[in-house]
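Residues per chain, in single letters:
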Amino acid sequence: MRSSLREASPRRFLMCPPAHFKVTYSINPWMDPAKPVDLPLAMTQWEDLRDRYTALGHTVELLRPRPGLPDMVFAANGATVIDGRVLGARFAFPEREPEAAVHLEWFRAAGFTEIHEPVHINEGEGDFAVTSSYVLAGRGFRSSPLSHDEAQEFFGRPVIGLDLVDPRYYHLDTALSVLDDTADEIMYYPGAFSPGSRAVLARLFPDALIAGEAAASALGLNAVSDGRHVLLPQAAVGLFEPLRDRGYEPIGMDLGELLKGGGSVKCCTQELRE
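Residues numbered from 1 in each chain as written. Predicted model: local features only at pLDDT ≥ 70, side-chain atom pairs only at ≥ 80, totals over all residues. Heavy atoms only, no water.

**Thoughts on unusual backbone geometry**
Test applied: Numbering of helices and strands starts at the N terminus; helices are DSSP runs of H or I of at least 4 residues and strands are runs of E of at least 2. Think of it in three bands: residues with accessible area under 20% of the maximum for their type are buried, residues over 50% are exposed, and the middle band is partly exposed, with areas taken using a 1.4 Å probe on protein chains only.
Located in the positive-phi region is Asp83, a residue other than glycine, with phi close to 55°. Its location among the elements puts Asp83 in the loop between strand 3 (79-82) and strand 4 (85-88). A relative accessible area of 47% means that Asp83 is categorised as partly exposed. At Leu219, a position not held by glycine, the phi torsion is positive, near 60°. Among the secondary structure elements, Leu219 is positioned in the loop between helix 5 (213-217) and strand 12 (224-225).

Shown next, in the form of structure tokens:
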């Protein structure tokens, strides 16, 4: 029996237009410099996502794109914000490292005062996912395991380390999504994780929605939920009915051009949790 629809809660997001987006290097398996990017189409797709957020009652703040930083559109990677406290990013690859300072500059200008510049490599919400009880933290391809202790000390929340083993799912937000951050409800793809991490997830989240390989390979877990609406790649068709059965309202988005950079809905969206 299908559950009744859940309640949405208003969110505040930080996004960056893909004004300079292109794929000229490869730092994940999705990126192929030989495949050209249609920049006007990428901008239209990004604008559709931004406009959908505002239509749902959410607030979208904008980060100004900078020439020479084509991946800035993936704003989720620039920081993690919990309770108004900002843990900055330290990128694994030199191509993206300058983005970290741009994000911190924005937070300072926006009036955030509790800001920590990290010592260890972490790629923001790419590898940190926030539930009511935990901060789930990916490792294996980008973020350092040492960043988990750093995050726990700064946020004062238990951090659960999870090992990613499939290079297609190089960030946690490509393999796991928080559906309800007030009830510890998530969805994830087991094949992206080590056996021990799968066991941890099964123990902590026994009622999680389990995604199949087809949905995961469409980056269907790279999703954003406000507690009711779940915005996810439209190609992840296998997740739509399971989400509806749990009382969520899935909204398919076409971000096919941005997928050429290895990101989709969540990668474009940093949540400002205040």
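Additional details are given in the paragraphs that follow.
**So, the sheet that holds strand 12**
Inclusion rule: In this description, strands pair whenever DSSP reports at least two bridges between them. Throughout, a residue-residue contact means that at least one pair of heavy atoms, one from each residue, lies within 4.5 Å. The angle between two axes is taken between their N-to-C directions and runs from 0 to 180 degrees, where each axis is a line fitted to C-alpha atoms and a helix contributes only its stretch in contact.
Strand order across the open sheet formed by three strands is 12-13-14, with mixed pairing between neighbours. Sheet topology places strand 12 and strand 14 (249-253) at the edges, where each strand pairs with a single neighbour. Where strand 13 (residues 229-233) and strand 14 come together, five bridges link them in parallel fashion. Counted as the bridge partner of His229 is Glu249 from strand 14. The strands touched by helix 1 (residues 39-55) are strand 12, strand 13 and strand 14; relative to strand 14, the strand with the most contacts, the crossing angle is about 155°.

**Here's the deal with the layout of surface pockets**
As a reminder, the rule being used: With a 1 Å grid laid over protein atoms only, a set of points is called a cavity when a 1.4 Å probe fits there but cannot get out and a pocket when it is open yet has protein on both sides within 12 Å along at least five of seven lines; lining residues have an atom within 4 Å of a point. Grid points are joined across faces, edges and corners, and a volume is the space filled by probe spheres set on the points.
Quantified by volume, the largest pocket comes out at close to 160 Å³. Looking at the largest pocket, it is lined by 13 residues, and the ones nearest its centre are Val130, Arg157, Asp181, Glu271 and Arg273.

**Thoughts on the packing of aromatic side chains**
Each pair of aromatic rings is reported with the distance of its centres and the angle of its planes. For clarity, the cut-off: Pairing of aromatic side chains here covers Phe, Tyr and the six-membered ring of Trp, requires ring centres within 6.5 Å, and sorts the geometry by plane angle: under 30 degrees stacked, over 60 edge-to-face, intermediate tilted. By the criterion adopted, a ring carries a charge over it if an Arg CZ or a Lys NZ lies within 6 Å of its centre and within 35 degrees of its normal.
Here the structure, examined in full by the defined rule, presents nine aromatic pairs. With 6.0 Å between their ring centres and 85° between their planes, Phe21 and Phe74 make a pair best called edge-to-face. Of the two residues, Phe21 sits in the loop between strand 1 (12-15) and helix 1 while Phe74 sits in the loop between strand 2 (59-62) and strand 3, which places them 53 residues apart along the sequence. We classify Phe74 as buried; its relative accessible area is 2%. Sitting above the plane of the Phe154 ring, Arg85 keeps its charged end 4.2 Å from the centroid.

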